[in-house]
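Breakdown of the fold
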There are 2 protein chains.
Amino acid sequence: MRSGNTIFFNNKPRVTSFAAVCGSKECEGIIGSYADITLKDDMYGESTYEKAECKMLSSAISTAVAKGGFTEEDIDLLASGDLLNQIISASFSARQFRFPFLGVYSACSTMSESMLVGAMAVDGGYARTAAAATGSHFASAERQYRYPLELGTTRPPQAQWTVTGAGCCVISAKGKIKINSATIGKVCDWGVTDVNNMGAAMAPAACSTLIQHFKDTKTLPCDYDIIVTGDLGALGSRILKDLMWEKGYDISSNHVDCGEIIYKVIEDEFQGGSGAGCSAVVMNSYILTKMQAGLYKKVLFAATGALLSTVSSGQGESIPCISHAVELEVE
Amino acid sequence: MRSGNTIFFNNKPRVTSFAAVCGSKECEGIIGSYADITLKDDMYGESTYEKAECKMLSSAISTAVAKGGFTEEDIDLLASGDLLNQIISASFSARQFRFPFLGVYSACSTMSESMLVGAMAVDGGYARTAAAATGSHFASAERQYRYPLELGTTRPPQAQWTVTGAGCCVISAKGKIKINSATIGKVCDWGVTDVNNMGAAMAPAACSTLIQHFKDTKTLPCDYDIIVTGDLGALGSRILKDLMWEKGYDISSNHVDCGEIIYKVIEDEFQGGSGAGCSAVVMNSYILTKMQAGLYKKVLFAATGALLSTVSSGQGESIPCISHAVELEVE
């Protein structure tokens, strides 16, 4: 069923299991004690950053599948993508598992897009069990989007730090964390061209999707224990709260941003974390563990993504952004 | 409903309308008289190849929407992706239309993946109307994946030519071309490392998906008027026919490959066309027009994609490939 841009899942697919793998820097923070695998060395025994990223994603997938009591044959669909060109981490992970595979891309909102696609497939009876996964690696992202690490480029104060980590959740009919609904995002572009200021670029997309969700579901911010956005960072979160306030929605008391909370001392990482792995690890460790324990009953998860490329920015384009939202509730 | 890796659409979503835009070289061939927009200049009035690619995709989307009698407000979902890093053609097209947008990526099999996602959304009641679209541009693909055009690099005889073109179909409850089922592909990798020989790399993926589809749907090749693969080219098509024959399936009399048939004189383009735009333009002009006219009643469309990147190949990886199939039937 659909109202506005929100899909209502009548059969209430559930998050059956979840897993997160996080890097050495990430495991020092709030998620360290919740993650399933914490790396001492971010190369993860591989010879390149990209292969390390792929291995993290594969580990998150296999761990989530095993934690749910599933075998690889049980998985009818893997919906996954990542930040690397041609989503090679996801494609090469899919090669390893031989799951039926739908590649998705929405930059750092890939976690909520893949959950949305997985929930749609399970709810509609198109898959019994779907895995939704994404990840990112600081070093592969820096190399691809910015500068070689060896250059030691100075980071401006509005910059965020791409998270080294991966997360996966398995969606099926089993479990107590229901997926009630999902709101498909529209692309928002407010003309921000500063590629170091993703928080400012993405905040309007998060605002648009959250308000659409509240309207379509006839809920208010206070109906949720927590409203989780993905990787706006500290500055972007403040912008989002302001934008929401201007539109008559007060999210100040129950909003957290994955990018803002992931690192121990945010000053060191400037505005906090970013990357597809950011919301993936926070959701698939800290948030879902708290839901499973009954500490959060109702969660709205809206990961955010900046849909730029080095070519689009080089050609003078501003940064189009998107946010997809998924509503989760403990039965 | 699901059997094996195949989704059966109980509510039979339909291809309501479709449109194709093709480049100057492409319109000389078989699709020229079927395409909606044929370009005299492949820059399409834009200043860069990438912007021209995005404009083609946007034109295909707006034309398909208009041909179906829809307004932009009617479109509940755009499922789209392309070959450019971070699928900027799709994202920037989605910015223009402000449709709810799911970015997908499966290289040159994006047309069938986006149709599959769109059909799933319409069949399940998650969208009334979904647009599925993709495209590619020879010059932007050469620049990104291979060499600058100015270098005048020699092409080996097993190479294909990336199609300049874009296609879109609109899926809703209206129309006479039903989407019966879709088979989600698994990643196949037979160890091919020659990035100029995509046909050989992708043929096993097409073979795997076609056989899976025949088994799941309890059909045989002869049950289809035509079995359309996407961009295997002349060599890849011959390999596919051989592989199918070895497995006991004879597709020799009713198989066509979009890459093999798109250009007028295949020798000039070596093995024929490739790129996400290849199957997109052939399906959304030649094939669907013939279905609408009743000349083909039942069509199996399996676009094929090579999920490599310049980085994965540079790091010595072989080429993982995928093929998603969609079964169409005229009522």
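Because the structure is predicted, anything quoted here is derived from the model rather than measured. (Residues numbered from 1 in each chain as written. Chains lettered and ligands numbered in written order. Predicted model: local features only at pLDDT ≥ 70, side-chain atom pairs only at ≥ 80, totals over all residues. Heavy atoms only, no water.)

A count of helices and strands for chain A gives nine helices and 15 strands. For chain A, whose C-alpha radius of gyration is 18 Å, the value lies close to the compact-globule estimate of 20 Å for 331 residues. Counting only C-alpha atoms, chain A reaches 50 × 50 × 35 Å along its principal axes. Summarising the internal contacts of chain A: among those between residues at least 6 apart in sequence, 77% fall at separations of at least 24. (Helix = DSSP H or I, 4+ residues; strand = E, 2+ residues; numbered from the N terminus. Rg over C-alpha atoms; globule rule 2.2 N^0.38 Å. Contact = heavy atoms within 4.5 Å.)

Okay, unusual backbone geometry next. Most of the time, phi is negative for any residue but glycine, and the peptide bond is trans. The phi angle at A:Ala107 is positive, at roughly 55°, despite the residue not being glycine. Checked against the element boundaries, A:Ala107 lands in the loop between strand E6 (101–103) and helix H3 (110–123). If you check the backbone angles, B:Gln86 has positive phi at about 60° while not being a glycine. Looking at where B:Gln86 falls in the secondary structure, it is placed in the loop between strand E5 (77–80) and helix H2 (88–97).

Residues and elements named next belong to chain B. Looking at the element boundaries, threonine 209 is found in helix H5 (residues 198–217). Looking at threonine 209, the relative accessible area reads 2%, which means it is buried. Spatially, the C-alpha atoms of threonine 209 and serine 323 are 6.2 Å apart, while their sequence positions differ by 114 residues. (Buried < 20%, exposed > 50% of the residue type's maximum accessible area, 1.4 Å probe, protein only.)

Right, let's talk about helix H2 (residues 88–97) of chain A for a bit. Buried residues dominate H2(A), accounting for eight of its ten residues. Of all the residues in H2(A), the buried ones are A:Ile88, A:Ser89, A:Ala90, A:Ser91, A:Phe92, A:Ser93, A:Ala94 and A:Phe97. The inward-facing, buried residues of H2(A) abut helix H1 (49–67), strand E5 (77–80) and E6 of chain A together with helix H9 (310–314) of chain B.

Tallying each qualifying case throughout the model produces 20 salt bridges over all chains. We note a salt bridge from A:Arg143 to A:Glu50, for which the minimum N-O separation is 2.6 Å. Taken as a pair, A:Arg143 in helix H4 (residues 138–145) and A:Glu50 in helix H1 lie far apart in primary sequence, 93 residues in all. With a relative accessible area of 7%, A:Glu50 lands in the buried category. Linking B:Arg14 and B:Glu331 is a salt bridge whose minimum nitrogen-to-oxygen distance equals 2.9 Å. Residue B:Arg14 is located in strand E3 (residues 14–22), and its partner B:Glu331 is located in the segment after strand E15 (321–330); the two are separated by 317 residues in the primary sequence. When its relative accessible area of 12% is taken as the criterion, B:Arg14 is described as buried. For B:Glu331, a relative accessible area of 60% gives the class exposed. Linked by salt bridges that have partners in common, A:Arg2, B:Asp76 and B:Arg128 make up one network. (Salt bridge = Lys/Arg side-chain N within 4 Å of Asp/Glu carboxyl O.)

Once that is clear, we can look at the interface of chain A and chain B. Frequently, the measure chosen for interface size is the accessible area that the parts lose on association. Taken together, the contacts link 60 residues of chain A with 60 residues of chain B. Both sides of the chain A and chain B interface together cover about 4,800 Å² of buried area, and 58% of this is carbon and sulfur. Between the two partners, chain A and chain B, sit six salt bridges. For the interface between chain A and chain B, the tally reads 36 residue pairs in polar contact (both at pLDDT 80 or more). Considering every element that reaches the side of chain A that touches chain B, the biggest residue donor is H3(A), with six residues. (Buried area = accessible area lost by both parts, 1.4 Å probe. Polar contact = N/O pair within 3.5 Å; in protein donor to acceptor, adjacent residues only side chain to side chain.)

Attention shifts here to the packing of H5(B) against helix H6 (residues 233–246) of chain B. Two measures define how a pair of helices packs: the angle their axes make with one another and the distance between the axes. Residue and element names in this part refer to chain B. One way to put it is that H5 packs onto H6 with a least axis distance of 8 Å and a crossing angle of 40°. When the interaxial angle is binned, H5 and H6 end up oblique. Read as a crossing pair, H5 and H6 show a hand that is right-handed. Contacts between H5 and H6 pair Gly199, Ala200, Ala203, Pro204, Ala206, Cys207, Leu210, Ile211 and Phe214 from the former with Gly236, Ile239, Leu240, Leu243 and Met244 from the latter. Classifying every residue of the contact of H5 with H6 by side-chain character gives twelve nonpolar, two polar and no charged. (Axes fitted to C-alpha atoms, helices over the stretch in contact; angles between N-to-C directions. Parallel < 35°, antiparallel > 145°, perpendicular 65-115°, else oblique. Left-handed = near helix turned anticlockwise from the far one by under 90°. Nonpolar A, V, L, I, M, F, W, Y, C, P; charged D, E, K, R; others polar.)

Right, let's get into the relation of the copies chain A and chain B. Superposition of chain A onto chain B requires a rotation of 180° combined with a translation of 0.0 Å along the rotation axis, giving an RMSD of 0.0 Å. Here the symmetry operator amounts to a two-fold rotation axis. Considering only C-alpha atoms, the part of chain A nearest the rotation axis is A:Val104, at 2.0 Å. The residues that chain A uses at the interface reappear at the interface of chain B in 100% of cases, marking a shared surface. (Least-squares fit on C-alpha atoms with pLDDT ≥ 70 in both.)

This paragraph deals with the packing of aromatic side chains. All names here are of chain A. Overall, the coordinates contain twelve aromatic pairs over all chains when judged by the stated rule. Pairing phenylalanine 138 with tryptophan 161 gives two aromatic rings, centres 3.9 Å apart and planes at 5°, and the pair type is stacked. Of this pair, phenylalanine 138 sits in helix H4 while tryptophan 161 is found in strand E8 (residues 161–162), placing the two residues 23 residues apart along the sequence. Relative accessible area serves as the criterion here: at 13%, phenylalanine 138 is assigned to the buried category. (Phe/Tyr/Trp six-rings, centres within 6.5 Å; stacked < 30°, edge-to-face > 60°.)

For the rest of this paragraph, the subject is helix H8 (residues 276–292) of chain A. All names here are of chain A. In this model, H8 (17 residues) spans 23 Å end to end at C-alpha, consistent with the 24 Å of a helix rising 1.5 Å per residue. Roughly 40° is the biggest bend found in H8, and it falls at methionine 283. Of the residues flanking the end of H8, it is glycine 294, one or two places downstream, whose phi is positive at about 80°. (Expected span 1.5 Å × (residues − 1). Bend = angle between axes of the 7 residues up to and from the residue.)

Bringing the pairing of strand E15 (residues 321–330) of chain A into the picture now. All names here are of chain A. Most of E15 is tucked away: nine of the ten residues are buried. Of the strand pairs in this sheet, strand E10 (residues 177–183) and E15 are connected by six bridges, and their pairing is antiparallel. Residue pairing for E15: threonine 183 is matched across the bridge by alanine 325. One ladder, built from nine bridges, connects strand E14 (residues 298–306) with E15; its direction is antiparallel. Its bridge partner being in E15, alanine 302 is matched across the sheet by alanine 325. (Pairing = 2+ DSSP bridges.)

Counting residues in each nonpolar core, the largest one holds 108 residues, and the members touching the most others are A:Leu328 and B:Leu328. With residues near it in sequence (within four places) discarded, A:Leu328 still touches A:Val15, A:Met115, A:Ile177, A:Lys178, A:Ile179, A:Met283, A:Leu288, A:Met291, A:Lys297, A:Lys298 and A:Val299. Among the nonpolar cores identified, the runner-up in size contains 70 residues, and A:Tyr44, A:Leu57, A:Ile75 and A:Ala166 belong to it. (Core = buried A, V, L, I, M, F, W, Y, C linked by side-chain atoms within 4.5 Å.)

As a further point, take the environment of A:Ser93. Residue and element names in this part refer to chain A. Tracing the backbone through its elements, the reader meets serine 93 in helix H2. It is 20 Å that separates the C-alpha atoms of serine 93 and glycine 69, two residues lying 24 residues apart in sequence. Within the local environment of serine 93, its side chain forms a polar contact with the side chain of serine 58, the two groups lying 2.9 Å apart.

Let us now look at the confidence of the model for chain A. The pLDDT averaged across chain A works out to 95; a share of 99% of its residues lies at or above 70. This complex was scored by the predictor with a pTM of 0.97 and an ipTM of 0.97. (pLDDT = per-residue confidence, 0-100.)

Now for the pairing of strand E10 (residues 177–183) of chain B. Residue and element names in this part refer to chain B. Where burial is concerned, most of E10 is hidden: seven out of the seven residues are buried. Two elements, strand E2 (residues 6–8) and E10, share three bridges in a ladder whose sense is antiparallel. Residue pairing across strands places isoleucine 7 opposite alanine 182, the latter belonging to E10.

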